Amino acid sequence: MASRRKKVYEGKAKILYEGTEPGTLIQYFKDDATAFNAQKKAVIEGKGVLNNRLSEFFMTGLGAIGVPTHFIRRINMREQLIRQVEIIPLEVIVRNFAAGSISKRLGIEEGTALPRPIVEYSYKDDALGDPMVSEEYVIAFGWASQQDLDDIVSLALRVNDFLSGVFYGVGIKLVDFKIEIGRIWDGDFMRLVVADEISPDSCRLWDVKSGQKLDKDVFRRDLGNLTDAYTEVARRLGVLQASPAPITKPTLIN
Ligand SMILES: Nc1ncnc2c1ncn2[C@@H]1O[C@H](COP(=O)(O)OP(=O)(O)OP(=O)(O)O)[C@@H](O)[C@H]1O
Ligand SMILES: [Mg+2]
C-alpha cells in the first residue's frame, strides 16, 4: 500500500507521503532511533507504533483545549493524516528543569528547577548540528517575524502547561521538550500550528518519585530498553490498553 503512494520526504524517524486530500500528508512513524545528530543509530522495535499513538494523544488533547495542531486523524498503527504545513526551520525548545545542553553550557546540575520556563530556538540544519540561535537571528534571517515569535512563544507555553499537567497527573516530570511549528495559509491569512510530533522522542520525562528516565535519553545514554520506557509512558497515560487479560478457563456461574 505504502509503495503506491508518493513519498514526499524521508527523515530519520518518520516518512511523509502525499495525503488523501490536497493540503494533507500521511506521516509514517518508523522504528529508527537516532541521537547525537544521527551519529548513533538503531532500530527499536515498536517505537514507531508507540510514538504514533502518543503523538495522536497529545495533539488531540491540545486541539481540545484550543491549541491548533496539524493532526487530522490516525489512520493505522503507524500512520496519521496531518495538515501539510510550511515548517518554520526552528526547533522550539521549552525547559522547566535543567538537563542536556543547558546543563553543559551553563554548568547547572541536571534536574535543577529553572526560575521559569525558558523558551529557546535551534536552527534546523543537520549539517550544522541544529545550532542554538537567538530571536535576533530568527528575525534577521527572516525565519519568523517578531509577531510570529510572540505567537510561537505563547503556543509553546500553552503546550508546556498542558503537557506538564498531563504528565504530572501520571507521576512524570516534564523536564523539557521540543516542538516544531508550521504555517497554514488560507489565502493571504496565515496561522501557526503545532506540527511534527510530540512523543518521548521529543521530550525529557522523569519519573517523579524515582527520577527514572522515560524518554530518548534511555537510548542516548544506554540506560536500558527504550520500548519498555515508552510503553510505560503510554500505559500510564491510558494510551495503550493494559496487556490483554490472560486466557483462563471459562468460569461456570451457577
Ligand atoms: N505537518 C507537516 N507538514 C510538513 N512537514 C512536516 C509536518 N510535520 C512535520 N514535518 C516535517 O517532516 C519531517 C519529519 O521527519 P523526521 O522527524 O524523521 O525528520 P528528521 O530526520 O528529524 O529531519 P528534520 O531535521 O527535518 O526534522 C521533518 O522534516 C518535519 O519538519
Ligand atoms: Mg524530526
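Only a predicted model underlies this, so the values are computations on that prediction, with no experimental measurement involved. For every chain, the first residue of the written sequence is number 1, and numbering continues from 1 along that sequence. Here the convention is simple: chains get letters from A, ligands get numbers from 1, in the order in which they are written. Only residues with pLDDT of at least 70 get local features here, since the model is predicted, and only at 80 or more are side-chain atom pairs given and counted; chain-wide, interface and lining totals rely on the full set of residues.

1. Let's talk about the overall build of the protein chain
Thinking step 1. Runs of H or I in DSSP of at least four residues are treated as helices and runs of E of at least two as strands, each being numbered from the N terminus. A count of helices and strands for the protein chain gives six helices and 14 strands.
Thinking step 2. Both definitions apply: the radius of gyration is a C-alpha atom measure, and the globule rule equals 2.2 Å times residues to the power 0.38. In terms of overall size, the protein chain behaves like a compact globule, its C-alpha atoms giving a radius of gyration of 19 Å where 254 residues would be expected to give roughly 18 Å.
Thinking step 3. Taking the principal axes of the C-alpha coordinates as reference, the protein chain spans close to 75 × 50 × 35 Å.
Thinking step 4. Exposure in this text rests on C-beta crowding, where 20 or more other C-beta atoms within 10 Å of a residue's own make it buried, 12 or fewer make it exposed, and counts in between make it partly exposed. The C-beta atoms are placed from the backbone. Going through the 254 residues of the protein chain one by one, you find that 33% of them count as buried.
Thinking step 5. The contact criterion used is a C-beta to C-beta distance within 7 Å, with each C-beta placed from the backbone. Of the contacts formed within the protein chain by residues at least 6 apart in sequence, a portion of 55% connects residues at least 24 apart.

2. Some remarks on the site of ligand 1
Thinking step 1. Placing the C-beta atom from the backbone, one calls a residue near a molecule or strand if that atom lies within 6 Å of it. Taken together, 19 residues form the shell around ligand 1, and within it G11, K12, A13, K14 and H70 come nearest.
Thinking step 2. Put simply, the parts of the chain that give the shell around ligand 1 at least two residues each are β2 (14-18), β7 (79-83) and β12 (172-186).
Thinking step 3. Of the residues assigned to the shell around ligand 1, the class counts are eight nonpolar, four polar and seven charged.
Thinking step 4. Where each domain starts and ends follows an automatic or database-derived domain assignment. Counting the residues that make up the shell around ligand 1, at least three belong to each of domain 1 (2-83) and domain 2 (86-225). Nonpolar residues are Ala, Val, Leu, Ile, Met, Phe, Trp, Tyr, Cys and Pro. Charged residues are Asp, Glu, Lys and Arg, and all others, Gly as well, are polar.

3. Re the packing of helix α1 (residues 47-64) against helix α6 (residues 226-237)
Thinking step 1. Note on geometry: axes are lines fitted to C-alpha atoms, helical ones only across the stretch in contact, with angles between N-to-C directions running from 0 to 180 degrees. At their nearest, the axes of α1 and α6 sit 10 Å apart, and the two run at 30° to each other. Taken as axis vectors, α1 and α6 run roughly parallel relative to one another. When you trace α1 past α6, the crossing you get is left-handed. In contact with K47, L50, R53, L54 and F57 of α1, α6 contributes L226, T227, Y230, T231, V233, A234 and L237.
Thinking step 2. A class-by-class count of the residues in the contact of α1 with α6 yields eight nonpolar, two polar and two charged. Each angle is binned into one of four classes, with values under 35 degrees roughly parallel, values over 145 roughly antiparallel, values of 65 to 115 roughly perpendicular, and all other values oblique. Handedness of a crossing follows from how the near helix is turned relative to the far one, being left-handed for an anticlockwise turn of less than a right angle and right-handed for a clockwise one.

4. Things to note about α1
Thinking step 1. Under the convention used throughout, the expected extent of a helix is 1.5 Å for every residue step, that is, one less than its residue count. The end-to-end C-alpha separation of α1 is 26 Å, in line with the 26 Å expected for 18 residues at 1.5 Å each.
Thinking step 2. Within the sequence span of α1, burial applies to K47, G48, L50, N51, N52, R53, L54, S55, F58, M59 and L62.

5. Some thoughts on the pairing of strand β10 (residues 113-123)
Two faces make up the sheet, and in a regular strand the side chains alternate between them.
Thinking step 1. Note: two strands are recorded as paired if DSSP finds a minimum of 2 bridges between them. Bridge analysis of strand β9 (residues 90-97) against β10 gives seven bridges, and the strand direction is antiparallel. Residue pairing in the sheet places F97 in a bridge with A113 of β10.
Thinking step 2. With two bridges joining them, β10 and strand β11 (residues 132-133) adopt antiparallel strand pairing. Directly across from S122, in β11, lies its bridge partner M132.

6. Digging into the domain arrangement of the protein chain
Thinking step 1. For the protein chain, the domain assignment lists domain 1 (2-83) and domain 2 (86-225).
Thinking step 2. The gap between the C-alpha centroids of domain 1 and domain 2 is 18 Å.
Thinking step 3. The partner domain 2 presents 22 residues to the 19 residues of domain 1 that form the contact.
Thinking step 4. Listed by contribution, the elements that provide at least two residues to the side of domain 1 that touches domain 2 are β4 (32-35) and α1.
Thinking step 5. Looking at the side of domain 1 that touches domain 2, the element that brings in the most residues is α1, giving seven residues.

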